[in-house]
Amino acid sequence: MQTFEYLQSRALFDRACEVIPGGIYGHFSPAPFGQTAAFPFFAARAEGARFQDVDGNEFIDYMCAYGLTILGYAYRAVDDAFKKQLASADAASIASPKMIELAELLVERVAGAGWAFFAKNGADVTAYAVTIARAATGRRKIVAIRGGYHGTHPWMQGPGHHGVTDDELRHCIRIPWNDFAALERVVDEHGSDIAGFIASPYHHPTFQDSVLPAEGYWRNVETLLRKHGIVFILDDVRCGFRLHRGGSNERYGFHPDLICFCKALANGYPIAALVGTDALRTMTASVFHTGSYWFSAAPMAAAIATLQELDRLDAPHRLEAIGRKLNDGLIRIAKSHGFNLRVTGEPCMAYYRITDDDSQMLHQRWCAECTRRGAYFTPHHNWFVSAAHSDAELQRTWDIADDAFRALKKTL
Amino acid sequence: MNNELLKARLNLCAVLRNLEDLPELDADAADMIRTWRLAVCFSVHGGPAATLEFSEGRCRYYAACPPHPDVKLFFLSPSHLNGMFAGDANPVPLKGLSKLRFLKHEFIPLTRRLEYFLRPAPETLAESAGLRAHALLTLLTGVFSVPHLAALDSIAAEIAAATPCGSLQFVVDSEGPIAHLMYDGDRVEAQKGPLDRPSALMWFADWPSAYRVLSGRLDAFTAAGKGLLRLDGTIPLIDNTCRIMDRAAGYLA
């Protein structure tokens, strides 16, 4: 099987380094991939389940822009809605009726939601949710899961991150995932000062296996938080609309006070949403939070079209089926070569790890071999499938994985 | 947390221990110690102890004082030792009074050679040998700082506690494995040389790349993208170690 080269990507990276710190910043940086040389850096175009890099190499994409594209790239109905709104009014000096339409749609589909608020990125709304929780309770502390990610605001970073002071971390308490006893202990100790508890619907950290909620975990958490008047915040930024049309809490049977959405909400167009219960409506209105582009109407139109298409396709079930099929095939192929590929988390956004090597170097090398053959696999973040991943693409992916395992074995 | 104690441990156990490698990097230092046959012990009340043993043109570092050193330098406190490193204090010689002239006229010049490479002038870095010596000693200082930071710096301790168990090997492509760190959950250990099966690798393409990254002239993201640095294996081991190492500057500046 032919492997790719990235001459244009590397030339562009050199150019980028002259004017952009780090060349490519944030979660798009290839630095943690291990075999960096195997990865493309810059995309030229994308359609369906595939993207093409600037060297003309085509990849079946299992990152989906880190979860943004749930329907697939360049999805006609969403793009048309975006363009139509852009042609009439996007950024204006007053709000768009599209904002109401989208809020109504979210309130209708998210159980317990009385209102919706819009921003651009996940961190805009996780930060807002935490501020609302503090305002509503008059308390300071936020409880979060160790290894959980809620954005790059200082209060959500770990110790020792550059530019983050001790003061900014003082009121964030981290506890282990699925450890209800740990939450009870923290509530016993700090209950009267705990404003909110924030977590993802299941544990999907980077560099580690994903872990689903233990039986009864969310029910116990909800009961405890209600008893102590602690605001229950669900960070559904990554999973939102992939696991259930009304938010991932529906999948696991619990009811948060605030839910943060972003990523898949508009199939790649920039918008985030916070939805909340009626009980927090007045306080939310009192907590001032805004941004230059938060009233852009075109992404709102794209979000409306995305939600409608997700319903039409029954997306959560479809994505689960695609994910299960992909995973079963990859596990089988790995086994045929004598490797154990461990797949954790929800099937449509699973985390993959070859367990035959604790260091993960083997896994990094396999992802690299797959990527340079045309299946874009990153080694340390959960992958995503979209509704556009067809059987033909899964078959091509399995062929690539098979060849990559064969190449890997030759080097051992 | 006691900053003076941590600083003393860094000065003695991470910086001064570089005398062990200096003679192999610097002909002047090698000439200086060629005929030395003695053990110099540093003992700090309420702080660390270490010995530099010179013989057969080599220097060896030990993290303790032997029963009968040739010279024993006593420090009343960690801050007393730190004062000596800052040039503001002198040790109390408990043993080896006859060696005071040696200390002043031979040992101190050796430590100046170390400083010459650890705080190099631009012309030192302009030569490949000088740059290599600086980069190697800086890397070793960083590696040997980690256990002490993890033990005594509150932020580093938090980072270390959250670091997965395993080992991190530092490699420079032209020379192979330089040093490694081992995290076992309770403590961190630093060693020179290779490991059989490291959990993670921090690989530099060459010494100039290592120098640029270690000195902060080149960020790790750019270096990785350009192929000058490769991070392999258990990435949180590398990420957390770098965050711990970064804290050393606050004590050694």
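Our subject is the structure listed above.
Throughout what follows, the structure given in this document is the object of discussion. Keep in mind that what you see is a predicted model, and the values were worked out from it rather than measured.

Rules of the game
Residues numbered from 1 in each chain as written. Chains lettered and ligands numbered in written order. Predicted model: local features only at pLDDT ≥ 70, side-chain atom pairs only at ≥ 80, totals over all residues. Heavy atoms only, no water. Helix = DSSP H or I, 4+ residues; strand = E, 2+ residues; numbered from the N terminus. Rg over C-alpha atoms; globule rule 2.2 N^0.38 Å. Buried < 20%, exposed > 50% of the residue type's maximum accessible area, 1.4 Å probe, protein only. Phe/Tyr/Trp six-rings, centres within 6.5 Å; stacked < 30°, edge-to-face > 60°. Lys NZ or Arg CZ within 6 Å of the ring centre and 35° of its normal. Contact = heavy atoms within 4.5 Å. Buried area = accessible area lost by both parts, 1.4 Å probe. Salt bridge = Lys/Arg side-chain N within 4 Å of Asp/Glu carboxyl O. Polar contact = N/O pair within 3.5 Å; in protein donor to acceptor, adjacent residues only side chain to side chain. 1 Å grid on protein atoms, 1.4 Å probe; cavity = no way out; pocket = protein on both sides within 12 Å on 5 of 7 lines; lining within 4 Å. Points joined across faces, edges and corners; volume = space filled by probe spheres on them. Nonpolar A, V, L, I, M, F, W, Y, C, P; charged D, E, K, R; others polar. Core = buried A, V, L, I, M, F, W, Y, C linked by side-chain atoms within 4.5 Å. Expected span 1.5 Å × (residues − 1). Arc of directions from axis to C-beta. Axes fitted to C-alpha atoms, helices over the stretch in contact; angles between N-to-C directions. Parallel < 35°, antiparallel > 145°, perpendicular 65-115°, else oblique. Pairing = 2+ DSSP bridges. Disulfide = S-S within 2.5 Å.

## Structural notes on the overall build of chain A
Item 1. Along the backbone of chain A there are 14 helices and 13 strands.
Item 2. Against the globule reference of 22 Å for 412 residues, chain A gives a C-alpha radius of gyration of 22 Å, in line with a compact fold.
Item 3. With the principal axes as the frame, chain A shows a C-alpha extent of 60 × 55 × 45 Å.
Item 4. For chain A, the proportion of its 412 residues judged to be buried stands at 58%.

## Things to note about the packing of aromatic side chains
Item 1. For the coordinates displayed, the defined rule picks out 35 aromatic pairs over all chains.
Item 2. The interplanar angle of 45° and the centroid separation of 6.2 Å between the aromatic rings of A:Tyr62 and A:Trp383 together place this pair among those described as tilted. Placement of A:Tyr62 in the loop between strand 3 (58–61) and helix 2 (64–67) and of A:Trp383 in the loop between strand 13 (375–376) and helix 14 (391–411) is noted, with a sequence separation of 321 residues between them. As far as the burial class goes, A:Tyr62 and A:Trp383 line up, both buried.
Item 3. An angle of 15° between the planes, with centres 3.9 Å apart, marks the rings of A:Phe82 and A:Tyr269 as stacked. Of the two residues, A:Phe82 is situated in helix 3 (residues 76–88) and A:Tyr269 in the loop between strand 9 (258–261) and strand 10 (272–276); the sequence distance between them amounts to 187 residues. Both residues of the pair, A:Phe82 and A:Tyr269, count as buried.
Item 4. Taking the ring centre of B:Phe144 as reference, the NZ or CZ of B:Arg17 above it sits at 3.8 Å.
Item 5. Its guanidinium or amino end placed over the ring of B:Tyr116, B:Arg113 lies 4.4 Å from that ring's centre, counting from NZ or CZ.

## Details of the interface of chain A and chain B
Item 1. Contacts between the two partners involve 27 residues from chain A, matched on the other side by 23 residues from chain B.
Item 2. Each partner contributes to the roughly 1,900 Å² buried at the junction of chain A and chain B, and carbon and sulfur atoms together form 59% of this total.
Item 3. Of all residues in chain A, the largest losses of buried area upon contact with chain B belong to A:Ala31, A:Pro159 and A:Met361, amounting jointly to 26% of the total for that side.
Item 4. The interface formed by chain A and chain B includes one salt bridge.
Item 5. Notably, a salt bridge pairs B:Lys226 with A:Asp14, separated by 3.0 Å at the nearest N-O pair.
Item 6. Taken together, the connections running from chain A to chain B amount to five residue pairs in polar contact (both at pLDDT 80 or more).

## Considering empty space enclosed by the protein
Residues and elements named next belong to chain A.
Item 1. Tallied over the entire structure, the rule returns one cavity of 30 Å³ or more.
Item 2. Of the voids in this model, the largest cavity is the one considered here, and its volume is about 40 Å³.
Item 3. With three residues, the top contributor of residues to the lining of the largest cavity is helix 12 (residues 315–336).
Item 4. In the lining of the largest cavity, the residues fall into 10 nonpolar, two polar and no charged.

## Considering the nonpolar core
Item 1. Within the largest apolar cluster, 102 residues are counted, with the highest numbers of intra-cluster contacts made by A:Leu183, A:Phe197, A:Leu330 and A:Trp366.
Item 2. Here this core gets nine residues from one element, more than from any other, and that element is helix 11 (residues 297–313) of chain A.
Item 3. With near-sequence residues (within four places) excluded, A:Leu330 lies in contact with A:Leu341, A:Tyr352, A:Trp366, A:Phe377, A:Trp383, A:Trp398 and A:Ala401.
Item 4. If you look at the next biggest cluster of nonpolar residues, it comprises 78 residues, including B:Phe107, B:Leu131, B:Trp207 and B:Leu231.

## Let's talk about the side chain of A:Glu309
All names here are of chain A.
Item 1. Residue position: Glu309 is located in helix 11.
Item 2. Engagement of the side chain of Glu309 in a polar contact is seen with the side chain of Tyr75, the distance being 2.5 Å.
Item 3. Once you skip the residues sitting within four places of it in the chain, Glu309 turns out to touch Leu71, Tyr75 and Ala77.

## A closer look at helix 1 (residues 7–19) of chain A
Item 1. Its 13 residues give helix 1 of chain A an end-to-end C-alpha distance of 19 Å, which sits within 8% of 18 Å, the value for a rise of 1.5 Å per residue.
Item 2. Turning to helix 1 of chain A, its buried residues are A:Ser9, A:Arg10, A:Phe13, A:Ala16 and A:Cys17. On an axial view of helix 1 of chain A, the arc spanned by its buried residues comes to 115°, and they lie on one face. Opposite the buried face of helix 1 of chain A, at more than 90 degrees from it, the exposed residues are A:Leu7, A:Arg15, A:Glu18 and A:Val19.
Item 3. Of the surrounding secondary structure, the elements contacted by the buried residues of helix 1 of chain A are helix 10 (220–225) of chain B.

## Some remarks on the packing of helix 8 (residues 154–161) of chain B against helix 11 (residues 235–246) of chain B
Residue and element names in this part refer to chain B.
Item 1. Put simply, helix 8 and helix 11 touch, their axes get as near as 9 Å, and they point 170° apart. Between helix 8 and helix 11, the angle is such that the two are roughly antiparallel. In contact with Ala156, Ile159 and Ala160 of helix 8, helix 11 contributes Asn240, Arg243 and Ile244.
Item 2. For the contact of helix 8 with helix 11, the class distribution of residues is four nonpolar, one polar and one charged.

## Points about the sheet that holds strand 8 (residues 188–192) of chain B
Across a sheet, paired strands are connected by hydrogen bonds in the backbone, their directions being either parallel or antiparallel.
Residues and elements named next belong to chain B.
Item 1. The strand order across the open sheet formed by five strands is 8-7-6-9-10, and the pairing between neighbours is mixed. Edge positions in the sheet fall to strand 8 and strand 10 (229–233), since each of these pairs with one other strand and no more. Strand-to-strand twist across the sheet, computed as the mean angle between neighbouring axes with direction ignored, equals 15°.
Item 2. In this structure, strand 7 (residues 176–183) lies alongside strand 8, joined through five bridges in antiparallel fashion. Counterpart to Ala179 in the pairing with strand 8 is Lys192.

## What about the state of the cysteines?
Residue and element names in this part refer to chain B.
Item 1. Per the stated rule, a full pass over the model turns up one disulfide over all chains.
Item 2. Note on cysteine connectivity: Cys41 is disulfide-linked to Cys65, with sulfurs 1.7 Å apart. Residues Cys41 and Cys65 share a disulfide whose torsion about the S-S bond is about 65°; that sign makes it right-handed. Linking Cys41 in strand 1 (residues 38–44) with Cys65 in the loop between strand 3 (58–62) and strand 4 (71–75), this pair joins segments that are 24 residues apart in sequence.
Item 3. The partly exposed category is assigned to Cys65, whose relative accessible area is 27%.

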